Structures are given as structure tokens and as C-alpha cells.
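So the chains spell out like this:
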Amino acid sequence: MNIFDGVLEFKGIWRDYQERVLHHSEAYMSDNKVHIVAAPGSGKTTLGIELIRRLGNPCLILSPSITIRQQWIARLEEGFLNEGEDAEKWFSNDIRKAKTITAITYQALYSCMKQYTGLLEDSEEESEEKNSEMVDYKNFDIYEVIRENGIRTLCLDEAHHLRSEWWRALEEFLKNVPDVKLVSLTATPPYDSTPAQWKRYIDLCGPIDEEIFTPELVKEGSLCPHQDYVYFNQPAKEEL
């Protein structure tokens, strides 16, 4: 049974390279992980939502920032939610008020996990980001929320950008939710990382199943051909 039947349906037209990914997605999911690298502008979020829709289970989406978290919710509403359906019934951006699809930040997951893992206190950068949400997850049981809402799909957006403590939290979380299917999406995989960092990334997300390259976007007219230029200018007096 797919719980999204009659609720979510893509309202646009798939591009050729998106159709290629979707055509093979079931085979890619044979190891319960699908890992897609998609160039900026290729519709990565839209592809992710369609993969979530096809899996047909409640889903938790993890994003690197509040802005990107909100983009997921907006894309779900604008591009997929059928007319007459109430977005607030189906979508949430607060894990404490989880819905069928809940989108949160990696930082929020980290805050939820600190009580289980004995993670270190936030660094100054992490504290600044935490204060932007001002959410206290003390005594909050994220695993109970996962069980109660039947969450069986986890979508990782740009997972390789995580700070080391967030990595630890995510890895610990996945150890305790072994039955989820994993959808991993990125525009910039860490090809230039150390072998150990690359192994950690692949161990988490699984091997890359499909890659959408920039020339494909140009060929299909989704992106114009261009050349980057650098202009050198003397700073103005006020800038100096």
C-alpha cells in the first residue's frame, strides 16, 4: 500500500535525465539505499520527492539549513500536493509535531541525539545556528516519534557537508533505525576528500547509483551554455 496515492502526484513533465534515474530507481533500491548525484539546476529536490512518493512510507527529510528545509516543504506543496489536500495534515518542519513527511535540519537531529550519545557541547558555530531555531529537545524521544509515525524512509540532502559531531549523531541514529530505506541526494559529492572521509560518506549513503551531469542540462535546454569570467577591480576608497 502506498500512502501517497491520491495525495502526491508530480504536476510537471519529467526531463529525460530525470526519467532515466526514475526508470532505474527500483533496481538501485535493492540494497535499501539510492544515492543520486545531480548537478545544480537538475531538479534534485523534485527527484527526491518522487523517490519518496514511490517508496510510499512516512518519511523524515534531513537538510543542512533552515532555508533548504523550507524549500522541501514548499516544493512538496507547489509541485506535488493534489488539490483539496491540506498541507498541514501531511507536512511538518518540526520533529516534535511529526507528520507523514517531516523535514528538519541536521542540527535539529544532533540536538535530539545529544541525550543518547553523550555528544560534546556545541561549538560556537553550532550554537549560533541552534539559536536561530531556539528549540529545546531535552527529554525528547526521537525514536518513539519514529515508531509512532511509522517512518520508514529517510532522505539525506547534501549529507557530506555535515560537521563531525553531526556525522556522529546521524550515524548513531541510523544504527537505531535499521529498517529505513535511505534516499541520498547531493550536487557536490566530496571527491576531493581524504580516502577515510570518502569511505565514511559511501558507507553512510551507499555507492553512487546515478549521476546527472551539467552537459545534460545544457543539451536539454535546462541550463544555458556559459563561460565564467573574473573581473579584477581596484576597490573604492570607501571599500578600502
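Everything numeric in this text was worked out from a predicted model, so none of it was measured.

### Things to note about unusual backbone geometry
Located in the positive-phi region is asparagine 139, a residue other than glycine, with phi close to 65 degrees. Residue placement: asparagine 139 occurs in the loop between α6 (124–133) and α7 (142–148). Unusually for a residue other than glycine, glutamate 158 sits at a positive phi of about 50 degrees. Here glutamate 158 shows up in the loop between β5 (153–157) and α8 (164–175). Overall, glutamate 158 belongs to the buried group, its relative accessible area being 9%.

### Details of the sheet that holds β5
Overall, parallel pairing links the seven strands, which are arranged β3-β4-β2-β5-β6-β1-β7 in an open sheet. Single-partner strands in this sheet number two, and they are β3 (91–92) and β7 (210–212). Examined bridge by bridge, β5 and strand β6 (residues 181–186) share five bridges and lie parallel to one another. Bridge pairing in β6 places aspartate 157 opposite leucine 185.

### Description of the environment of alanine 159
Looking at where alanine 159 falls in the secondary structure, it is placed in the loop between β5 and α8. Put simply, alanine 159 and leucine 170 are eleven residues apart on the chain and 9.4 Å apart in space, counted from C-alpha to C-alpha. Residues in contact with alanine 159, not counting those within four places in the same chain, are Tyr106, Trp167, Leu204 and Cys205.

### What to know about the environment of glutamine 70
Looking at the secondary structure, you find glutamine 70 in helix α3 (residues 66–79). There is a polar contact of 2.9 Å between the side chain of glutamine 70 and the side chain of arginine 69. Of note is the side chain of glutamine 70, whose polar atom sits 2.9 Å from the side chain of asparagine 93.

### So, the state of the cysteines
Enumeration over the complete set of coordinates arrives at zero disulfides. Cysteine 59 takes part in no disulfide bond, and the closest cysteine sulfur to it belongs to cysteine 155, at a distance of 5.7 Å. For cysteine 59, a relative accessible area of 0% puts it in the buried group. With no disulfide partner, cysteine 112 has as its closest neighbouring cysteine sulfur the one in cysteine 59, 16 Å distant.

### A look at the packing of helix α1 (residues 16–28) against helix α2 (residues 44–55)
Viewed as axis vectors pointing N to C, α1 and α2 meet at an angle of 25 degrees, and their least axial separation amounts to 11 Å. Relative to α2, α1 is oriented roughly parallel. Helix-helix and strand crossings are classified by hand; for α1 and α2 the assignment is right-handed. Taken together, the residues of α2 that come into contact with α1 (itself represented by Gln18, Val21, Leu22 and Ser25) are Leu47, Glu50, Leu51 and Arg54. A breakdown of the residues in the contact of α1 with α2 according to their chemical character gives four nonpolar, two polar and two charged.

### With respect to the pairing of strand β1 (residues 33–38)
Most of β1 sits inside the fold, with five of its six residues counted as buried. By the bridge criterion, three bridges tie β1 to β7 in an arrangement that is parallel. Opposite isoleucine 36, over in β7, you have glutamate 210 as the bridge partner.

### Focus on the pattern of salt bridges
Applying the stated criterion across every chain, the model contains eleven salt bridges. For arginine 54, the salt bridge is made with glutamate 50, and the minimal N-O distance between the two is 2.8 Å. A residue pair is termed a helical-turn pair when its members lie 3 or 4 positions apart in one helix, as arginine 54 and glutamate 50 do in helix α2 at four residues. Take arginine 54: its relative accessible area is 41%, and that puts it in the partly exposed class. What makes glutamate 50 buried here is its relative accessible area of 2%. A salt bridge links aspartate 94 to arginine 96, with the nearest nitrogen and oxygen atoms 2.9 Å apart. Assessed through its relative accessible area of 43%, arginine 96 is described here as partly exposed. Through salt bridges with shared partners, a single ionic network connects Arg20, Glu210 and Glu216.

### Quick word on the nonpolar core
Side chains of a nonpolar character, in soluble globular proteins, are inclined to be buried together. Residues Leu156 and Phe173 are the most contacted members of the largest nonpolar core, which totals 36 residues. The set of elements that each furnish at least two residues to this core consists of β2 (59–63), α5 (106–117), α7, β5, α8 and α9 (195–205). In contact with phenylalanine 173, other than residues within four places in its own chain, are Leu60, Leu109, Met113, Ile142, Tyr143, Ile146 and Leu154. Grouped together as the second largest cluster of nonpolar side chains are 35 residues, Val7, Ala39, Ile73 and Ile212 included.

What counts and what doesn't
Residues numbered from 1 in each chain as written. Predicted model: local features only at pLDDT ≥ 70, side-chain atom pairs only at ≥ 80, totals over all residues. Heavy atoms only, no water. Helix = DSSP H or I, 4+ residues; strand = E, 2+ residues; numbered from the N terminus. Buried < 20%, exposed > 50% of the residue type's maximum accessible area, 1.4 Å probe, protein only. Pairing = 2+ DSSP bridges. Contact = heavy atoms within 4.5 Å. Polar contact = N/O pair within 3.5 Å; in protein donor to acceptor, adjacent residues only side chain to side chain. Disulfide = S-S within 2.5 Å. Axes fitted to C-alpha atoms, helices over the stretch in contact; angles between N-to-C directions. Parallel < 35°, antiparallel > 145°, perpendicular 65-115°, else oblique. Left-handed = near helix turned anticlockwise from the far one by under 90°. Nonpolar A, V, L, I, M, F, W, Y, C, P; charged D, E, K, R; others polar. Salt bridge = Lys/Arg side-chain N within 4 Å of Asp/Glu carboxyl O. Core = buried A, V, L, I, M, F, W, Y, C linked by side-chain atoms within 4.5 Å.

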